[in-house]
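These are the residues of each chain, in order.
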Amino acid sequence: MSLNFTHDEVLERLRQIIGKCLMIDPESITEDSYLNDLGAESLDLVDISFSCEDEFNVLLPEKNIFEAGKAFFKEGTLQQDGFLTEEGKKLLKTRMPDFDISMNDGRVSMVEVDRSLLRVGAWVRMILGLLESTPKVCVEECDTPLVRGRPGYMKCPSCQREQEIRSGDSINNEWVQNYYEKEYLPNAVPSEAIRDAIQ
Ligand SMILES: [Zn+2]
């Protein structure tokens, strides 16, 4: 099986997985479907996640990008009273360009953010992003395409060397840290940036 999935291949396989887990016709699932609308409950989401990890050789993040952001941004910077701040919206727009931020006069609640993460299209994008970090070729001289190894690992069928699959949480953390340092801090109101730097 090729490790270089296209967008359409990921979507098609994801539809099969969701259809099987929820016992519904894959034909009824589109990129614009929401998993909760399709009837998925929390245990189904766990089931779908595991199936995706198995199918695509990725490790899905357990925390969303705003939860990951808590390690870098001060409380109140990205969200306040259940809604995204301007900074929060900027981050979301960078991270999820598909997200329609214009609804409700530009007020985006965390409930809507959580819901947007249940969109099938958001899963396709997430899986494609994670796939970029999955090791594909042996780092040794053999240069062989890797196959699935133990859970969490890819394996070289020639020299048997294993390479770890990066977790989605570690990839998210790196993304947020990079965003914080390269996008947020240089553009933050100076007094805020200074305050952040002192803390
Ligand atoms: Zn090898």
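Before reading further, recall that the structure is shown in the block above.
Not measured: the values here are computed from a predicted model.

(A) Structural detail: the overall build of the chain. Check the secondary structure of the chain and you find eight helices and five strands. When the helices and strands of the chain are read in sequence order from the N terminus, they spell out α-α-α-β-β-α-α-α-β-β-β-α-α. The dimensions of the chain, computed from C-alpha atoms along their principal axes, are 55 × 45 × 25 Å. When the 199 residues of the chain are sorted by exposure, 22% land in the buried category. The long-range fraction of contacts in the chain, counting pairs at least 24 apart against all pairs at least 6 apart in sequence, stands at 51%.

(B) View of the packing of helix H1 (residues 7-22) against helix H2 (residues 42-56). One can describe the packing of H1 onto H2 by two numbers: an axis separation of 10 Å at closest approach and a directional angle of 140°. Crossing hand, H1 versus H2: right-handed. Between H1 and H2, the contacting residues are Arg13, Leu14, Ile17, Ile18, Cys21 and Leu22 on the first element and Asp44, Asp47, Ile48, Ser51, Cys52 and Glu55 on the second. For the contact of H1 with H2, the class distribution of residues is seven nonpolar, one polar and four charged.

(C) A look at unusual backbone geometry. Positive phi values are uncommon outside glycine, yet Met23 reaches one of about 55°. With respect to the secondary-structure elements, Met23 resides in the loop between H1 and H2. Positive phi, close to 55°, is recorded for Asp81, a residue that is not glycine. Residue Asp81 is classed as exposed on the basis of its 8 C-beta neighbours within 10 Å.

(D) How the structure looks around helix H7 (residues 168-187). Across its 20 residues, H7 extends 27 Å between first and last C-alpha, which sits within 8% of the 28 Å expected from 1.5 Å per residue. Helix geometry: H7 is bent most strongly at Tyr180, by close to 35°. Within H7 the residues assigned to the buried category are Gly168, Asn172, Val176 and Tyr184. Of the surrounding secondary structure, the elements contacted by the buried residues of H7 are helix H3 (65-69), helix H4 (86-95) and helix H6 (120-131).

(E) Looking closely at the nonpolar core. Counting residues in each nonpolar core, the largest one holds 22 residues, and the members touching the most others are Leu14, Ile17, Ile18, Cys52, Val58, Val124 and Ile127. By residue number, the principal contributor to this core is H1, which donates six residues. Excluding anything up to four places from it in sequence, Val58 contacts Glu53, Ile127, Leu130, Leu131, Thr134 and Ile165. Counting residues in hydrophobic clusters, the runner-up holds seven residues, among them Phe73, Leu78, Leu91 and Val108.

(F) Spotlight on the packing of H1 against H6. Their axes nearest at 10 Å, the elements H1 and H6 cross at an angle of 125°. Here H6 runs oblique to H1, going by the angle between their axes. Here the hand of the crossing between H1 and H6 comes out right-handed. Here H1 contributes His7, Val10, Leu11 and Leu14 to the contact with H6, which in turn contributes Val120, Trp123, Val124, Ile127 and Leu128. Taken together, the residues that form the contact of H1 with H6 break down as eight nonpolar, one polar and no charged.

(G) Looking closely at the sheet that holds strand S3 (residues 147-148). With antiparallel pairing, three strands are arranged side by side in an open sheet as S3-S4-S5. Of all the strands in the sheet, the pair left with one neighbour each is S3 and strand S5 (162-164). Bridging between S3 and strand S4 (residues 153-155) involves two bridges; their strand directions are antiparallel. Bridging from a neighbouring strand, Arg148 pairs with Met154 of S4.

(H) Representation of H2. With 15 residues, H2 extends 21 Å between its outermost C-alpha atoms, agreeing within 8% with the 21 Å of an ideal straight helix rising 1.5 Å per residue. Along H2, the residues classified as buried are Ile48, Cys52 and Phe56. Axial view of H2: buried residues confined to an arc of 40°, hence all on one face. Every exposed residue of H2 that faces more than 90 degrees away from the buried side is listed here: Leu43, Val46 and Asp54. Buried-residue contacts for H2 involve H1 and H6. The positive-phi residue at the C-terminal boundary of H2 is Asn57, with phi of around 60°.

Criteria and thresholds
Residues numbered from 1 in each chain as written. Predicted model: local features only at pLDDT ≥ 70, side-chain atom pairs only at ≥ 80, totals over all residues. Helix = DSSP H or I, 4+ residues; strand = E, 2+ residues; numbered from the N terminus. Buried ≥ 20, exposed ≤ 12 C-beta atoms within 10 Å, placed from the backbone. Contact = placed C-beta atoms within 7 Å. Axes fitted to C-alpha atoms, helices over the stretch in contact; angles between N-to-C directions. Left-handed = near helix turned anticlockwise from the far one by under 90°. Nonpolar A, V, L, I, M, F, W, Y, C, P; charged D, E, K, R; others polar. Expected span 1.5 Å × (residues − 1). Bend = angle between axes of the 7 residues up to and from the residue. Core = buried A, V, L, I, M, F, W, Y, C linked by C-beta atoms within 7 Å. Parallel < 35°, antiparallel > 145°, perpendicular 65-115°, else oblique. Pairing = 2+ DSSP bridges. Arc of directions from axis to C-beta.

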